[in-house]
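# Inside the fold
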Amino acid sequence: MINININTQTLDYYQDNVLQKSYSISSSINGVGEVEGSFCTPTGRFKISEKIGDNVELGTVFIARIPTGEIYSKQLFNEQTDKDWILTRILWLDGVEKHNKNTHERYIYIHGAHLMNL
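This is a predicted model, so every value here is computed, not measured.

Basis of the calculations
Residues numbered from 1 in each chain as written. Predicted model: local features only at pLDDT ≥ 70, side-chain atom pairs only at ≥ 80, totals over all residues. Heavy atoms only, no water. Helix = DSSP H or I, 4+ residues; strand = E, 2+ residues; numbered from the N terminus. Buried < 20%, exposed > 50% of the residue type's maximum accessible area, 1.4 Å probe, protein only. Polar contact = N/O pair within 3.5 Å; in protein donor to acceptor, adjacent residues only side chain to side chain. Contact = heavy atoms within 4.5 Å. pLDDT = per-residue confidence, 0-100. Pairing = 2+ DSSP bridges. Core = buried A, V, L, I, M, F, W, Y, C linked by side-chain atoms within 4.5 Å. Phe/Tyr/Trp six-rings, centres within 6.5 Å; stacked < 30°, edge-to-face > 60°. Lys NZ or Arg CZ within 6 Å of the ring centre and 35° of its normal.

Moving on: the side chain of His-104. Looking at the element boundaries, His-104 is found in the loop between β7 (87-95) and β8 (109-112). When its relative accessible area of 19% is taken as the criterion, His-104 is described as buried. Here Ser-49 takes part through its side chain, which lies 3.1 Å from a polar atom of the side chain of His-104. Residue contacts for His-104: discarding those within four places in its chain leaves Ser-49, Glu-50, Trp-92, Leu-93 and Asp-94.

This is how it looks when you write it as structure tokens:
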């Protein structure tokens, strides 16, 4: 089983309970928390429920987990500067601890963002 652990600054990726890699993350401007509708980043341990975008081009734009057919570019960004960009891959998370069991229903994802080097 693949597990991930999210705290306020990193995402730690484990396979068979062995740490494989740590990533710096950008979490919600609203901070951390598990309350539905709070737009907060949940913390704790998760499993990956669904992988979306396995075979799409780097920079593919998603809306509602569906590729739009657009590829992110600086020009596209300049046309839509207020957009919450979801790019390339989506990992839909499912909380495995009591405090974060509502994660899947809250549509909590790890996804590519426009601030990444594409």
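On to the confidence of the model for the chain. Scored by pLDDT, the chain has a mean of 85; 92% of the residues are at 70 or more. Model confidence for the chain, summarised as mean pLDDT per element, is weakest for strand β1 (residues 2-6) at 63 and strongest for strand β6 (residues 66-71) at 95.

Bridging between strand β5 (residues 60-63) and β6 involves three bridges; their strand directions are antiparallel. Paired with Thr-60 across the two strands is Ile-71, which belongs to β6. Counting the residues that bridge the hairpin from β5 to β6 gives two residues, and of these Ala-64 lies at a positive phi of roughly 55 degrees.

In this structure, Val-61, Tyr-72, Leu-76, Phe-77, Trp-85 and Leu-87 together form the largest nonpolar core, which totals six residues. If sequence neighbours within four positions are ignored, Trp-85 has contacts with Val-61, Tyr-72, Leu-76, Phe-77, Gln-80, His-111, Gly-112, Ala-113 and His-114.

To describe a pair of aromatic rings, one takes the distance between the centres and the angle between the planes. Inspection of every chain in the model, using the stated rule, returns three aromatic pairs. Above the plane of the ring of Trp-85 lies Lys-83, whose end atom (NZ or CZ) is 4.9 Å from the centre.

Once that is clear, we can look at the side chain of Thr-103. Mapped onto the fold, Thr-103 is located in the loop between β7 and β8. Thr-103 gets classed as buried once you look at its relative accessible area, which sits at 0%. Setting aside residues up to four positions removed in sequence, Thr-103 forms contacts with Pro-42, Phe-46, Leu-93, Asp-94, Gly-95 and Ile-108.

This paragraph deals with unusual backbone geometry. The phi angle at Asp-16 is positive, at roughly 55 degrees, despite the residue not being glycine. Its place among the elements puts Asp-16 in the loop between β2 (10-15) and β3 (18-24). In this model, Thr-88 sits at a positive phi of 70 degrees, which is unusual for a non-glycine residue. As for its position among the elements, Thr-88 is in strand β7. The exposure class assigned to Thr-88 is buried, which follows from its relative accessible area of 10%.

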